[in-house]
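This is what each chain is made of:
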Amino acid sequence: MPLREELERLPSECWSSGRVSISPILTENDMIYATYDCELTEEQKDIVNPAWFSIGRAYLNRDDNYPCLIRSERGEPIGFINLYVWIGDESAYSWSYYIDKNSQGKGYGKQAARLAISILKSANPQVPIKLATEERNVKAQALYKSLGFTRLDELDGDDLVFGLRN
């Protein structure tokens, strides 16, 4: 079953951790927030894929991509995340995400990553999760390690790859 179908079958309680929630982009306002209003810091602009890149992937391969907004406990959008099938290896799931520069440093990023793991494991607990990051994105690497990911002996282009086993 395609990832999109797996995700859309999950009960609504899977999509919230109390502190953050993840919801699919469904409206024009969601799209505007993800692609225009949700901003990266200057440092991140060179090391994080912007939302329009992931949304373009979802347009080209709808079944394997699920672009969403990250929301605070108050329901306000605070970030973007795309849940997807690892490109080139359908035996893993992944995500690409970021928190708006005005909401960073408040623990939302770690909570959103934990929720993403929970969502993907709820969709299919047998599928490992892989994440790629630029070598110079040491903050992402530290976050991934704190969540139980280990660096794998593979590259995604020139990006480092981290894996979370079952």
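The present account deals with the structure reproduced in this document.

### Description of the environment of L120
For step 1, the next point in the chain: On the secondary structure map, L120 appears in helix α4 (residues 108-123).
For step 2, the next point in the chain: For the pair L120 and C14, spaced 106 residues apart in sequence, the C-alpha to C-alpha distance is 9.7 Å.
For step 3, the next point in the chain: Dropping the residues within four chain positions of it, L120 is found in contact with L3, L7, L83, Y93, S94, W95 and I129.

### Observations regarding helix α3 (residues 51-60)
For an α-helix, the turn length of 3.6 residues means that residues three or four places apart are oriented alike.
For step 1, the next point in the chain: If you check which residues of α3 are buried, you get A51, S54, I55 and A58. Buried residues in α3, looked at end-on, bunch into an arc of 100 degrees, giving them a common side. Those residues of α3 that are exposed and aimed more than 90 degrees away from the buried face are W52, Y59 and L60.
For step 2, the next point in the chain: The inward-facing, buried residues of α3 abut α2 (28-37), β2 (65-72), β3 (77-85) and β4 (93-99).

### So, the layout of surface pockets
For step 1, the next point in the chain: Taken as a whole, the largest pocket spans an internal volume of roughly 990 Å³.
For step 2, the next point in the chain: Lining of the largest pocket is provided by 39 residues; of these, V48, Y97, N137, A140 and Y144 occupy positions nearest its centre.
For step 3, the next point in the chain: Looking at the lining of the largest pocket, its residues break down into 17 nonpolar, 12 polar and 10 charged.
For step 4, the next point in the chain: R4, E8, P24, I25, L26, M31, I55, A58, Y59, R62, Y66 and P67 together form the lining of the second largest pocket.
For step 5, the next point in the chain: Top contributing element to the lining of the second largest pocket by residue count: α3, with 3 residues.
For step 6, the next point in the chain: In terms of residue class, the lining of the second largest pocket is built from 9 nonpolar, no polar and 3 charged.

### A few points about the pattern of salt bridges
For step 1, the next point in the chain: In the structure shown here, the tally under the stated rule is 8 salt bridges.
For step 2, the next point in the chain: With a shortest N-O distance of 3.7 Å, K101 and E39 are connected by a salt bridge. You can see K101 sitting in the loop between β4 and α4 and its partner E39 sitting in the loop between α2 and α3, a full 62 residues away along the chain.
For step 3, the next point in the chain: One salt bridge connects E76 with R74, and the closest N-O pair in it is separated by 3.2 Å.
For step 4, the next point in the chain: The class of R74 is exposed, set by a relative accessible area of 54%.
For step 5, the next point in the chain: By sharing partners, the salt bridges in this structure join R19, E73, R74 and E76 into a single network.

What counts and how
Throughout, residues of each chain are indexed from 1 in the direction in which the sequence is written. In keeping with the model being predicted, local features are shown solely for residues with a pLDDT of at least 70 and side-chain atom pairs are shown and tallied solely at 80 or more, while totals for entire chains, interfaces and linings include all residues. Just so you know, side-chain values use all the structure's heavy atoms and leave hydrogens and water out. Secondary structure elements follow DSSP: runs of H or I of four or more residues count as helices, runs of E of two or more count as strands, with numbering from the N terminus. Whether two residues are in contact is decided by their heavy atoms, any of which lying within 4.5 Å being enough. Only protein chains enter the accessibility calculation, which uses a 1.4 Å probe; a residue is then buried when its area is under 20% of its type maximum, exposed when over 50%, and partly exposed in between. For this quantity, the arc is that covered by the directions from the helix axis to the C-beta atoms. Buried and open spaces are told apart on a 1 Å grid over the protein atoms alone, a cavity being a set of points where a 1.4 Å probe fits but cannot get out and a pocket being an open set with protein on both sides within 12 Å along at least five of seven lines. Residues with an atom within 4 Å of a point are the lining residues. Grid points are joined across faces, edges and corners, and a volume is the space filled by probe spheres set on the points. Three categories are distinguished: nonpolar for Ala, Val, Leu, Ile, Met, Phe, Trp, Tyr, Cys and Pro, charged for Asp, Glu, Lys and Arg, and polar for the others, with Gly belonging to the last. Put simply, a salt bridge is a Lys or Arg side-chain nitrogen that is within 4 Å of an Asp or Glu carboxyl oxygen.

Read these as spatial facts, not as claims about activity.
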